[in-house]
Amino acid sequence: MLPRDTNALGTIFGGVILSHIDLAGGVAAAREARRHFVTRAMREVEFIAPVYVGDVVSFYTSLQRRGTTSLTIRVEVEAERFNEPGHNVQVTAAEVVYVAIDEAGKPLSVR
Ligand SMILES: CC(C)(COP(=O)(O)OP(=O)(O)OC[C@H]1O[C@@H](n2cnc3c(N)ncnc32)[C@H](O)[C@@H]1OP(=O)(O)O)[C@@H](O)C(=O)NCCC(=O)NCCS
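The shown structure was predicted, so the numbers you read here are calculated from the model rather than taken from an experiment. (Residues numbered from 1 in each chain as written. Predicted model: local features only at pLDDT ≥ 70, side-chain atom pairs only at ≥ 80, totals over all residues. Heavy atoms only, no water.)

Enquirer: Help me out: how do you make sense of the overall build of the protein in this one?
Expert: When helices and strands are counted, the protein shows one helix and four strands. Counting only C-alpha atoms and orienting by the principal axes, one finds that the protein spans roughly 45 × 25 × 20 Å. The long-range share in the protein, meaning contacts at least 24 apart out of those at least 6 apart in sequence, stands at 62%. For the protein, the exposed area adds up to about 6800 Å²; of that, 51% sits on carbon and sulfur atoms. For the protein, the centre of its 12 positive side-chain charges and the centre of its 13 negative side-chain charges are spaced 11 Å apart. (Helix = DSSP H or I, 4+ residues; strand = E, 2+ residues; numbered from the N terminus. Contact = heavy atoms within 4.5 Å. Areas by Shrake-Rupley, 256 points an atom, 1.4 Å probe, with all protein chains shown as cover. Lys, Arg positive; Asp, Glu negative; His and termini not counted. Charge placed at Lys NZ, Arg CZ, Asp CG, Glu CD.)

Pasting the structure below:
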């Protein structure tokens, strides 16, 4: 994480992490089905620990649910502290629902 991603307190802005969560989940969804996906919902994101400049942040994904037109991807976020290499802390976790859409923007089967 770089200084450009900080909030007024000097820690990393939560919206930056949310953006990366959305990207990581989107990559996972695209690996599950060759479709175009849009983000339909992001469930309960609680920030448990702050992220600091210089931390290395990792996003781990897993498929939670395959619906008819949607995939629910769980994204777990960890930060490796800049000053403590090898020491990871859990930052947050989220469930993100992606819906496959066709060219008209209508939901499409993911099966
Ligand atoms: C995604 C979109 C095409 C879905 O259209 P829709 O008419 O709501 O479609 P449906 O009601 O048939 O729902 C589609 C799927 O989403 C799921 N879904 C709908 N609302 C949901 C919610 N609040 N939470 C979780 N899943 C939800 C439905 O269960 C369904 O999944 P399934 O087919 O696997 O059962 C439409 O809502 C849309 O375009 N949203 C904007 C997406 C977007 O632009 N995202 C980026 C924001 S910047």
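Let's pick the thread back up.
Enquirer: Teacher, can you tell me more about the sheet that holds strand β3 (residues 70-80) here?
Expert: Pairing in this open sheet of four strands is antiparallel, and the strands run β1-β4-β3-β2 from one edge to the other. In this open sheet, the two strands that pair with only one neighbour each are β1 (36-43) and β2 (56-66). Each adjacent strand pair in this sheet contributes to an overall mean axis angle of 30°, direction not counted. Note that β1 and strand β4 (residues 88-101) share seven bridges and pair antiparallel. Bridge assignment links F37 to a residue of β4, and that residue is A100. (Pairing = 2+ DSSP bridges. Axes fitted to C-alpha atoms, helices over the stretch in contact; angles between N-to-C directions.)

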